[in-house]
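One letter stands for each residue in the lines below.
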Amino acid sequence: MSRYRSRPRRTLDRLAAAALATVACVCVGATTADATATATTTTEPVESRGVSIPAFYTPPAQLPDANGALIRHEPLPLGLSLPGLDGRPLPGTATRLMYKSTDSDGRAVAVTGAYIEPSAKWEGDGPRPLVAMASGTMGQGDQCAPSFALQHPLTVNGQTLSVGYDNLAIYRLLATGAAVVVTDYAGLGTTDRLHTYVNRQDEGHAVLDAVRAARALPGTSLTSGSRVGLYGYSEGGGASASAAELQPVYAPDVHLAGTYAGAPPADLTAVMKGIDGSALAAALGWAINGFVQAYPDMRDAAEANLNDAGRKALADTSTMCVGEAIFRYGFARSTAWTNSGKSVAEIIAEEPRAQAVLDKQRIGTLKPAGPVRVATGVQDDIVPHAQARRLAVDWCRKGGDVTYAAIELPNLGDRLLTNHLTPLITDQTAAISWLTDRLEGKPTTSNCWTMPFQR
């Protein structure tokens, strides 16, 4: 099954048939190519939990060859905007993008996002720089896409609840005079596939190709000399960290001045244990859905081990944003989703091929390009602090230019998301200041030598 959302009747019939042929709501069902063909041949509108997804988000049947190539673009009205004294809107002028990227299986994929040309002047050294924003967890429904959240900062209709919480960081970056490009990642927004949540390669590629797409967009103030920075927290921290690792091989033309990776999910085995039974338990469904779509070995493990409740949860979460996911599945335990009563993490540990899928997602096996800042709250129990610190250690051992920041806060409530989300706000000023310095060309000094003394 390629999508769990409101679709034209004939499309629903095809998806139901594909689901019955495999494992109902768990599997991708037909091949991705089949799903793409369905999405690109229908002209009827697509809905996700009562939200109409603009036709812009349906990819064409044929994609360009070059990674980062623009497929289409159009003006994007910002949901929060003010008229400036000089007549230009604040914080800037936005353009919705669709561009070509490559997924973890080497297949072409269309990705959407947005570019924002700031009204603020860049006062730093050199031409106006560009920051690629890798958004934190928004959900798996297309209505949750970060570019959609720029237009609709709050989407609530009784079926879905989406909040564009990363818009604050985006607007603060724009206020520095830096341009910002936001990626929706593969499958979030685009209606041809599911979002491959926390897939290291898919997300790292999407971030790097967003930079290329922004450079290709006509009429911007970017130049060939514009420095590039990456910014992300939580899911976005993992995406920006992955992009920093993949850049030398995947995008050697994208030179990175600096990368901020906040609360990065670098070790998904540890992260799965952290979110199971937490307020963000639905993220287990998003992760499994994405890996089932991308990896046959994970699909086989899901078919063999999930019970009806597990299949229903995966189908249900696949169209959810964070808001309704917390209300519907907050503090759920995956032991209720399996035939054996074991947790998803326990089952994966016993399935070598499934565990190998998660091991392939490990961030920290490659030296990152350019200076990086890794920040992690010492009380974070959703994206566990220890595995984020381990990423910094791994990068230090590989000779990376690493600034490590352990954010000391009191315990604000076990598994409530508070220990995870509070550093998003408390560290934001320091993170933007650090990245702005890199965009201005200011040097930084690694503090790897302090790791033995830091929590």
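Above this text you will find the structure in question.
Residues numbered from 1 in each chain as written. Predicted model: local features only at pLDDT ≥ 70, side-chain atom pairs only at ≥ 80, totals over all residues. Heavy atoms only, no water.

Student: In this structure, what is going on with the pairing of strand 13 (residues 256-262)? I would like to understand it.
Tutor: Looking down a regular strand, the side chains alternate between one sheet face and the other. Burial of strand 13 is extensive: seven of the seven residues sit out of reach of the surface. Judged from the six bridges that link them, strand 12 (residues 228-233) and strand 13 form a sheet pairing that is parallel. Note that in strand 13 the partner of Gly229 across the bridge is Gly258. Viewed along the sheet, the connection from strand 12 through helix 6 (residues 235-250) into strand 13 turns out right-handed. Sheet analysis places strand 13 next to strand 14 (residues 372-377), joined by four bridges and oriented parallel. Considered in strand 14, the bridge of Thr259 is made with Val372. (Buried < 20%, exposed > 50% of the residue type's maximum accessible area, 1.4 Å probe, protein only. Helix = DSSP H or I, 4+ residues; strand = E, 2+ residues; numbered from the N terminus. Pairing = 2+ DSSP bridges. Right-handed = clockwise from strand over helix to strand, strands pointing away.)

Student: How do you make sense of the pattern of salt bridges when you look at a structure like this?
Tutor: Summed over the entire model, instances satisfying the criterion amount to 22 salt bridges. In this structure, Asp125 engages Arg227 in a salt bridge whose closest nitrogen and oxygen atoms are separated by 3.3 Å. With Asp125 in the loop between strand 7 (108-118) and strand 8 (130-134) and Arg227 in the loop between helix 5 (200-216) and strand 12, the pair connects residues that are 102 residues apart, well separated along the chain. Judged by relative accessible area, which is 48%, Asp125 ranks as partly exposed. The class for Arg227 is partly exposed, based on a relative accessible area of 28%. (Salt bridge = Lys/Arg side-chain N within 4 Å of Asp/Glu carboxyl O.)

Student: Any chance you could explain helix 10 (residues 308-317) here in plain terms?
Tutor: Three or four residues apart is the spacing at which side chains of an α-helix point the same way, because the helix has 3.6 residues per turn. By the criterion of burial, helix 10 is predominantly enclosed, with seven of the 10 residues buried. For helix 10, the full list of buried residues reads Gly310, Arg311, Ala313, Leu314, Ala315, Asp316 and Thr317. On its buried side, helix 10 packs onto helix 8 (282-294), helix 9 (296-305) and helix 11 (322-329). Between the side-chain oxygen of the N-cap and the backbone nitrogen of Ala309 there are 3.1 Å, and the N-cap of helix 10 in question is Asn307. (Contact = heavy atoms within 4.5 Å. Polar contact = N/O pair within 3.5 Å; in protein donor to acceptor, adjacent residues only side chain to side chain.)

Student: Mind showing me how you'd approach the packing of helix 8 against helix 9 here?
Tutor: In a pair of packed helices, the angle between the axes and the distance between the axes together describe the arrangement. Look at helix 8 against helix 9: their axes get within 6 Å of each other, and the N-to-C directions meet at 125 degrees. With respect to helix 9, the element helix 8 is oriented oblique. In this structure, the crossing between helix 8 and helix 9 has a hand that is left-handed. Residues Phe291, Val292, Gln293 and Ala294 of helix 8 touch helix 9, and the partners they reach there are Pro296, Met298, Arg299 and Ala302. A per-class count over the contact of helix 8 with helix 9 returns six nonpolar, one polar and one charged. (Axes fitted to C-alpha atoms, helices over the stretch in contact; angles between N-to-C directions. Parallel < 35°, antiparallel > 145°, perpendicular 65-115°, else oblique. Left-handed = near helix turned anticlockwise from the far one by under 90°. Nonpolar A, V, L, I, M, F, W, Y, C, P; charged D, E, K, R; others polar.)

Student: Even after reading the chapter, I still don't get helix 7 (residues 268-275), so can you show me in this structure?
Tutor: Looking only at helix 7, the buried set comprises Leu268, Val271, Met272, Gly274 and Ile275. For helix 7, the arc enclosing every buried residue in end-on projection is 160 degrees, short of the 170-degree limit, so these residues lie on one face. Looking at the buried side of helix 7, the elements it contacts are helix 8, helix 12 (344-350), helix 13 (352-359) and helix 14 (385-397). Two residues or fewer past helix 7, Gly277 is found with a positive phi of approximately 85 degrees. (Arc of directions from axis to C-beta.)

Student: Just checking my understanding: could you explain the packing of aromatic side chains for this structure?
Tutor: Two aromatic rings are characterised by how far apart their centres lie and by the angle between their planes. For the structure on display, the rule yields six aromatic pairs. Measuring from centroid to centroid gives 6.5 Å for Tyr57 and Phe148, while their planes differ by 75 degrees, and the two rings are edge-to-face. Within this pair, whereas Tyr57 is found in the loop between strand 2 (51-53) and strand 3 (70-76), its partner Phe148 is found in helix 3 (residues 146-151), the two being separated by 91 residues in sequence. Residue classification places Tyr57 among the buried residues on the basis of a relative accessible area of 1%. Considering the side-chain rings of Tyr231 and Tyr260, the 4.7 Å spacing of their centres and the 45 degrees angle between planes classify their relative orientation as tilted. On the criterion of sequence distance, the pair formed by Tyr231 in strand 12 and Tyr260 in strand 13 is long-range, its members being 29 residues apart. Take Tyr231 and Tyr260: they sit in the same class, and that class is buried. (Phe/Tyr/Trp six-rings, centres within 6.5 Å; stacked < 30°, edge-to-face > 60°.)

Student: Help me out: how do you make sense of unusual backbone geometry in this one?
Tutor: Leaving glycine aside, a negative phi is the common case for residues, and trans is the common case for peptide bonds. Residue Pro91 is bonded to the preceding Leu90 through a cis peptide linkage, with omega at 10 degrees. Turning to its location among the elements, Pro91 is positioned in the loop between strand 5 (89-90) and strand 6 (92-102). In this structure, Phe331 takes a positive phi of about 70 degrees despite not being glycine. Among the secondary structure elements, Phe331 is positioned in the loop between helix 11 and helix 12. Classification of Phe331 by relative accessible area gives partly exposed; the value is 45%.

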